[in-house]
Amino acid sequence: GSWQGRGTRTVGDVPSETGRFLIHWQTANESPAGAGTFKLTLRSAISGRTIGIVADVTGTSAGTAHFDEGPRTYDFLVESANVDWTFRVEETLGEFSNASPATVPKG
């Protein structure tokens, strides 16, 4: 699926048969300049437990992350201010290791 918005929001009940994800995210339209934040967290939809941080950036940016966490239902917590955000989740069959969160220097 894919989602977009501005501000903080939970996107829930994303079922996965493999638990292997390729997640693409992007932020844009930072206003006011220098004040944009975006954090995308992958969580268990059942317990709310944090599984991993997909992105934690300031300003406008984009990136991709891979997760391999096993089959279950997931949700995503978006914590954002002063930027528009989009993210897309693709379930994959390949083998991935957990990726470190993307960090992009501001500026």
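Scroll up a little and you will see the structure.
Residues numbered from 1 in each chain as written. Predicted model: local features only at pLDDT ≥ 70, side-chain atom pairs only at ≥ 80, totals over all residues. Heavy atoms only, no water.

## A short note on the sheet that holds strand β6 (residues 62–68)
Backbone-to-backbone hydrogen bonds join strands into a sheet, with any given pair of strands oriented parallel or antiparallel. The antiparallel open sheet is built from four strands, whose spatial order is β1-β8-β3-β6. Bordering the open sheet on either side are β1 (2–6) and β6, each of which pairs with just one other strand. Strand-to-strand twist across the sheet, computed as the mean angle between neighbouring axes with direction ignored, equals 15°. Bridge count between strand β3 (residues 20–28) and strand β8 (residues 84–91): eight bridges; the pairing is antiparallel. (Pairing = 2+ DSSP bridges. Helix = DSSP H or I, 4+ residues; strand = E, 2+ residues; numbered from the N terminus. Axes fitted to C-alpha atoms, helices over the stretch in contact; angles between N-to-C directions.)

## A closer look at the packing of aromatic side chains
Two numbers describe a pair of aromatic rings. These are the distance of the centres and the angle of the planes. Overall, the coordinates contain six aromatic pairs when judged by the stated rule. Relative to F87, the ring of F76 lies with its centre 5.2 Å away and its plane at 50°, an arrangement referred to as tilted. Taken together, the positions of F76 in strand β7 (residues 72–81) and F87 in strand β8 put the pair 11 residues apart, joining distant regions of the chain. In this pair, the class of F76 matches that of F87, namely buried. What links up through ring pairs into an aromatic cluster is the set W3, F76, W85 and F87. (Phe/Tyr/Trp six-rings, centres within 6.5 Å; stacked < 30°, edge-to-face > 60°. Buried < 20%, exposed > 50% of the residue type's maximum accessible area, 1.4 Å probe, protein only.)

## Here we look at unusual backbone geometry
Residue S31 is joined to P32 through a cis peptide bond whose omega torsion reads 0°. One non-glycine residue, N29, lies in positive phi territory at about 55°. Here N29 shows up in the loop between β3 and β4 (37–44). Judged by its relative accessible area of 54%, N29 is exposed. You will see that N82, though not glycine, has its phi angle at about 65°, which is positive. Tracing the chain through its elements places N82 in the loop between β7 and β8.

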